[in-house]
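# Structural characterization, general
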Amino acid sequence: MPAIAGLAPEILDKYQPVIGLEVHVQLLTRSKAFCGCKNEYGGEPNTHVCPVCLGLPGALPVLNRQAVEFAVLAAKAIGCEIRETSVFSRKNYFYPDSPKGYQISQFDKPIAEHGCIVVKDADGNDKKIGVTRLHMEEDAGKSLHDGFADSATRTYIDLNRCGTPLVEIVSEPDLRTPDEAFEYLTRLKEILLYTGVSDCNMEEGSLRCDANVSVMLKGADKFGTKAEVKNVNSFRYIRAALEYEIERQIGVIEDGGRVVQESRLWNNAEGRTFSMRSKEQAHDYRYFPEPDLPALVVGAEWQKQILSAMPELPEARRARMIAEYGLSAQDAATLTAERPFADRFETAANAAKSPKRVAAILLSEITMRLRAAEIEFEESPVTLDGVVLAADLAEAGEISSKQLKQLLDTCFAEGRDFAFVYERDKPQQISDSSAIEKMIDEVIAANPAQVAQFKGGKRTVAAFFVGQVMKLSKGQANPALLNELVVKKLDAN
Ligand SMILES: [Zn+2]
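Cut-offs applied
Residues numbered from 1 in each chain as written. Predicted model: local features only at pLDDT ≥ 70, side-chain atom pairs only at ≥ 80, totals over all residues. Heavy atoms only, no water. Helix = DSSP H or I, 4+ residues; strand = E, 2+ residues; numbered from the N terminus. Rg over C-alpha atoms; globule rule 2.2 N^0.38 Å. Buried < 20%, exposed > 50% of the residue type's maximum accessible area, 1.4 Å probe, protein only. Core = buried A, V, L, I, M, F, W, Y, C linked by side-chain atoms within 4.5 Å. Contact = heavy atoms within 4.5 Å. Donors = N, O, S within 2.8 Å, 3.2 Å for Na, K, Ca; no water. Tetrahedral: all angles 85-135°; square planar, octahedral: opposite > 155°, others 65-115°. Axes fitted to C-alpha atoms, helices over the stretch in contact; angles between N-to-C directions. Parallel < 35°, antiparallel > 145°, perpendicular 65-115°, else oblique. Left-handed = near helix turned anticlockwise from the far one by under 90°. Nonpolar A, V, L, I, M, F, W, Y, C, P; charged D, E, K, R; others polar. Pairing = 2+ DSSP bridges.

## So, the overall build of the protein chain
Helix and strand counts for the protein chain come out as 16 helices and 16 strands. Computed over its C-alpha atoms, the radius of gyration of the protein chain comes to 30 Å, more than 25% above the 23 Å expected for a compact globule of 493 residues. Seen through its C-alpha atoms, the protein chain measures out along the principal axes to roughly 95 × 55 × 55 Å. Burial analysis of the protein chain (493 residues in total) assigns 46% to the buried set.

## Focus on the nonpolar core
Counting 69 residues, the largest nonpolar core has Leu 21, Ile 78, Ile 111, Leu 134, Ile 169 and Tyr 184 as the members making the most contacts within it. Residue contributions to this core peak at 9 residues, all from helix H2 (residues 65-77). For Ile 169, the contacting residues outside a window of four places in its chain are Leu 21, Glu 22, Val 23, Val 25, Ile 78, Val 131, Arg 133, Leu 134, Tyr 184, Leu 188 and Leu 192. If you look at the next biggest cluster of nonpolar residues, it comprises 35 residues, including Tyr 325, Leu 363, Phe 377 and Leu 407.

## Describing the coordination of the zinc ion
On the protein side, the zinc ion has Cys 35 (SG), Cys 37 (SG), Cys 50 (SG) and Cys 53 (SG) as donor atoms, found 2.3 to 2.4 Å from it. Every donor counted, the 4 donor atoms about the zinc ion form angles of 100 to 116 degrees at the centre, which fits tetrahedral coordination. We note that the donor set of the zinc ion lies within a single chain, spaced as C-x1-C-x12-C-x2-C. Of this pair, Cys 35 sits in the loop between strand E1 (15-26) and H2 while Cys 53 sits in the loop between E1 and H2, and the two are 18 residues apart along the sequence. Since its relative accessible area comes to 13%, Cys 35 is described here as buried.

## Thoughts on the environment of Gly 456
Here Gly 456 shows up in the loop between helix H14 (448-455) and helix H15 (462-472). Taking the C-alpha atoms as reference points, Gly 456 and Glu 312, separated by 144 residues in sequence, lie 52 Å from one another.

## Points about the packing of helix H9 (residues 355-373) against helix H10 (residues 384-395)
Between H9 and H10, the shortest axis-to-axis distance is 9 Å and the interhelical angle comes to 115 degrees. Considered as vectors, H9 and H10 are oriented roughly perpendicular to each other. Considering how the two elements wind past one another, H9 and H10 form a crossing that is right-handed. The segment H9 lies against H10, with Arg 357, Val 358, Ile 361, Leu 362 and Ile 366 engaging Leu 384, Val 387, Val 388, Ala 390, Ala 391, Ala 394 and Glu 395. For the contact of H9 with H10, a count of residues per class yields 10 nonpolar, no polar and 2 charged.

## Things to note about the sheet that holds strand E4 (residues 88-92)
Judged by pairing direction, the sheet is antiparallel, and its 3 strands sit side by side in the order E5-E4-E15 without closing on themselves. On the outer flanks of this sheet lie strand E5 (102-106) and strand E15 (288-289), each paired with one strand and no other. Of the strand pairs in this sheet, E4 and E15 are connected by 2 bridges, and their pairing is antiparallel. Paired with Ser 89 across the bridge in E15 is Pro 289.

## Section: the side chain of Arg 161
Position of Arg 161 relative to the elements: it lies in the loop between strand E9 (156-158) and strand E10 (165-171). Apart from residues no more than four positions distant in its own chain, Arg 161 is found in contact with Gln 26, Asp 139, Ala 140, Gly 141, Lys 142 and Arg 208.

## With respect to unusual backbone geometry
Glycine aside, residues mostly have negative phi angles, and peptide bonds mostly take the trans form. Backbone geometry places His 114, a non-glycine residue, at a positive phi of 60 degrees. Following the sequence through the fold, His 114 ends up in strand E6 (residues 112-120). Positioned with a positive phi, Cys 200 is a non-glycine residue whose angle comes to about 50 degrees. In this fold, Cys 200 is placed in the loop between helix H3 (178-195) and strand E11 (207-217).

This is the structure in structure tokens:
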């Protein structure tokens, strides 16, 4: 972060930042919010348009049922209460990429309110961040400033995006640090992806975030004047923009100035925010109920039907997987971060002899090798099926942990899956009892002190003998058989 004002830590420490986030999420419906046009990213400019989304006189909007269902699903997933009768309103403002001159949105009666998202605070404790509301609205088109014949002197308009269904999710000003804001967005995106209502693709603008931030002296009972940082296209940049903005505002106040209520744009190349325009207040938009749409009624029966599509959500899934697979919280977070992967993992693990062992091999041996090779699991030579096979062989004692490591090394070195390498290089395993017994006798004879310890009641010393014999066999003794025989021999000795 550029230390803009070069403020000393003890100055920064006098202030408490206060952050609230507004997140716009495009819904993955087949058609647009109020017309039958295709809801799809890209396409030849102005090919997914009709009189309704072009705002031509006389065209009437018809609400998309799937958009309502997705909004309800998203709202319930973040703990909101659904308002049975919500109202669409016109939000009046002129923008070249919004031909109607207003946006259909929801104002005083949004479809959902009073939700919450749990984040970890700086001490690692759970902290509930309130969600004020989730409301439905439509997206605008796009102004294109380059790439066309007369781009130097003209702006081009593409209205394909016009009328795309959105939900806007507004948080309470409960966030206190840029890290908490980052965590809130991460959790929110994860939940939305689990519900499948959006692809949350930030590069394509399916998820966009504005941040309201102010600072006040610690212990003050009134928030400072807030500035809004608009349309930052990654969570990391939002964190950076907030860090910058907090320091900028403290600098203004320390210099005896006043923070102005305004919208600011983040410039990532320069690592700073710029004033864009003074911030509108709600009354600037002259909201009034949309006369072309009836009130939206989502009754108990419809809600029940929508909620039957609610998947197990990330937090619940983590808790269950920690219990079921003996995972750490960190490992559970890794496995559940993306639902398709979590689904594939669980399907594979449940087909294995020991799901726990599948998780353990995946999170240690595989992860370690992926890191070393600097690749993602999607590019791993060892597939989930390969991990399951390895886990089953290890579980049955048919390969030792040393052999497992060697086989995996070969897989990664050659870029081949486990089944192929195992069939080809199947480790020589000594499963002949008499051969193993002979080696055990040898080790027992060489370690009288440890034998005495075992006889004295310290049965854990058996592990020492197992280790020694394994070494003697160059890692080839059948581990299950070896364990059994060592104890038998020691007891009989
Ligand atoms: Zn249309």
